[in-house]
Amino acid sequence: MKINEKNLCTFATTPPVDLEGWLNKRGELNKSWQRRWFVLKGNLLFYFEKRGDKEPLGMIILEGCTVELAEEGEQYCFQIVFHGSNNRTYYLATESQSNMEQWMKALTCAGYDYMKLMVAELQRQLDEIEGQCKEKTPENTPLHVPPKAPPRRQNPFNKPLTTEYASNAAVKRARKRKPLESHL
C-alpha cells in the first residue's frame, strides 16, 4: 500500500483521537528512555517529540501484536510485542498504574483482530436474543407485524345523492336544456 506522508501527518495531528498523552519510550538501539507525546487513532499509534508537533517521529501499526506487562527496570512499564517476521518489541512506560492500564486497554482494543472478535461476539448475542424471541412467540405469529393502514376517511362531497336532491338537480338540468324542436 502506498501511503502519502503529508496526508498521514495531517491525519495524525487532527481530532478526533482515541487516546493521547505522554509516555516514556525505550530506544531500540541505545536503550535509553525518551519522553514522547503519543496519539492513538484507530489501529495507528503515532509518537512525537513534543505535543503540538506537525510531524510524528514514528508510527506503529497495531496489527499482529500483543500488549503485555514488561519486566523492565522502569516502573509502570508495558510492551507491544509483534509476532511475525518483524518480531520487534516496543517498551513504553507511564507515570501511574491507572494510566498504564488505560493505555494497555486502548492499545489492545485498537487492532483489527480485536474488532473482528467483538463483531463475532455481538453477532452471537444477537442470534441468541432472536432465538429467545422465536421461542416466546407461537409458530404462526410473525415476529414483525406489519403496520395497519389508517381507516379511509370519506370525502363529504362524494356522498350519494339523496332522492330529493337528485330530483331537484334533474329539474334544474331539464330547464337549462331547450327542446330540440325549437331549434328547427
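Just so you know, these numbers come straight off a predicted model, no measurement behind them.

**A word on the overall build of the protein chain**
Piece 1. For the protein chain, the count of helices and strands is four helices and seven strands.
Piece 2. Expressed as a percentage of the 184 residues in the protein chain, the buried residues total 25%.

**Quick look at the pattern of salt bridges**
Piece 1. Inspection of the entire model under this criterion finds four salt bridges.
Piece 2. The salt bridge partner of K50 is D53, with a shortest N-O separation of 3.2 Å.
Piece 3. R124 is the salt-bridge partner of E121, the closest N and O atoms lying 2.7 Å from each other. Taken together, the positions of E121 and R124, both in helix 3 (residues 112-136) and three residues apart, correspond to about one turn of that helix.
Piece 4. In this structure E121 comes out as partly exposed when scored by relative accessible area, which is 29%.

**Digging into the packing of aromatic side chains**
Piece 1. Throughout the structure, instances matching the rule amount to five aromatic pairs.
Piece 2. Ring geometry for W22 versus W37: centroids 5.3 Å apart, planes at 75°, classification edge-to-face. Taken as a pair, W22 in strand 1 (residues 19-26) and W37 in strand 2 (residues 33-41) lie far apart in primary sequence, 15 residues in all.
Piece 3. Judged by its relative accessible area of 7%, W37 is buried.
Piece 4. Members of the aromatic cluster, each reached through a chain of ring pairs, are F38, Y47 and W103.
Piece 5. Above the face of the Y91 ring, R26 is positioned so that its terminal group lies 4.1 Å from the ring centre.
Piece 6. Above the face of the F11 ring, K41 is positioned so that its terminal group lies 4.1 Å from the ring centre.

**Things to note about the side chain of R26**
Piece 1. Tracing the sequence through the fold places R26 in strand 1.
Piece 2. Apart from the residues lying within four places of it in its own chain, the contact partners of R26 are K31, S32, W33, E72 and Y91.

**Structural notes on the nonpolar core**
Piece 1. The biggest cluster of nonpolar side chains holds 20 residues, and the ones touching the most others in it are L40, L45, L62, F78, I80, W103 and L107.
Piece 2. Mapped by element, the contributors of at least two residues to this core are strand 1, strand 2, strand 3 (44-48), strand 5 (65-69), strand 6 (77-82), strand 7 (89-93) and helix 2 (97-109).
Piece 3. For this core, the element with the most residues is helix 2, which contributes four residues.
Piece 4. For L45, the residues in contact, after removing those within four places along its chain, are F38, V39, L40, G58, M59, I60, L62, I80, L92, W103 and L107.
Piece 5. Formed by six residues, the second largest nonpolar core is a distinct cluster that contains W37, V39, F46 and F48.

**Thoughts on the side chain of K25**
Piece 1. Counting through the fold element by element, K25 comes out in strand 1.
Piece 2. If sequence neighbours within four positions are ignored, K25 has contacts with S32, W33, Q34, R36, F38, Y47, R88, Y90, Y91 and L92.

**Description of the confidence of the model for the protein chain**
Piece 1. This prediction gives the protein chain a mean pLDDT of 83; 77% of its residues lie at or above 70.
Piece 2. Predicted confidence in the protein chain is weakest over helix 4 (residues 163-176), with a mean pLDDT of 62, and strongest over strand 3, with 97.

**Comments concerning the pairing of strand 3**
Piece 1. Among the five residues in strand 3, five count as buried, and that is most of the element.
Piece 2. On strand 3, burial covers both faces: L44, F46 and F48 on one face and L45 and Y47 on the other are all buried.
Piece 3. In this structure, strand 2 lies alongside strand 3, joined through five bridges in antiparallel fashion. Its bridge partner being in strand 3, V39 is matched across the sheet by F46.
Piece 4. Between strand 2 and strand 3, which pair antiparallel one after the other, the connecting turn spans two residues, and G42 there sits at a positive phi close to 65°.

**So, the sheet that holds strand 5**
Piece 1. Spatial strand order, 4-3-2-1-7-6-5: seven strands in an open sheet with antiparallel pairing. Two strands bound the open sheet, and with one partner strand each, they are strand 4 (58-61) and strand 5. Mean inter-strand twist for the sheet, computed between neighbouring axes without regard to direction, equals 35°.
Piece 2. Strands strand 2, strand 3 and strand 4 of the sheet are contacted by helix 1 (residues 5-13), whose axis makes an angle of about 85° with strand 3.

The rules we used
- Residues numbered from 1 in each chain as written.
- Predicted model: local features only at pLDDT ≥ 70, side-chain atom pairs only at ≥ 80, totals over all residues.
- Heavy atoms only, no water.
- Helix = DSSP H or I, 4+ residues; strand = E, 2+ residues; numbered from the N terminus.
- Buried < 20%, exposed > 50% of the residue type's maximum accessible area, 1.4 Å probe, protein only.
- Salt bridge = Lys/Arg side-chain N within 4 Å of Asp/Glu carboxyl O.
- Phe/Tyr/Trp six-rings, centres within 6.5 Å; stacked < 30°, edge-to-face > 60°.
- Lys NZ or Arg CZ within 6 Å of the ring centre and 35° of its normal.
- Contact = heavy atoms within 4.5 Å.
- Core = buried A, V, L, I, M, F, W, Y, C linked by side-chain atoms within 4.5 Å.
- pLDDT = per-residue confidence, 0-100.
- Pairing = 2+ DSSP bridges.
- Axes fitted to C-alpha atoms, helices over the stretch in contact; angles between N-to-C directions.

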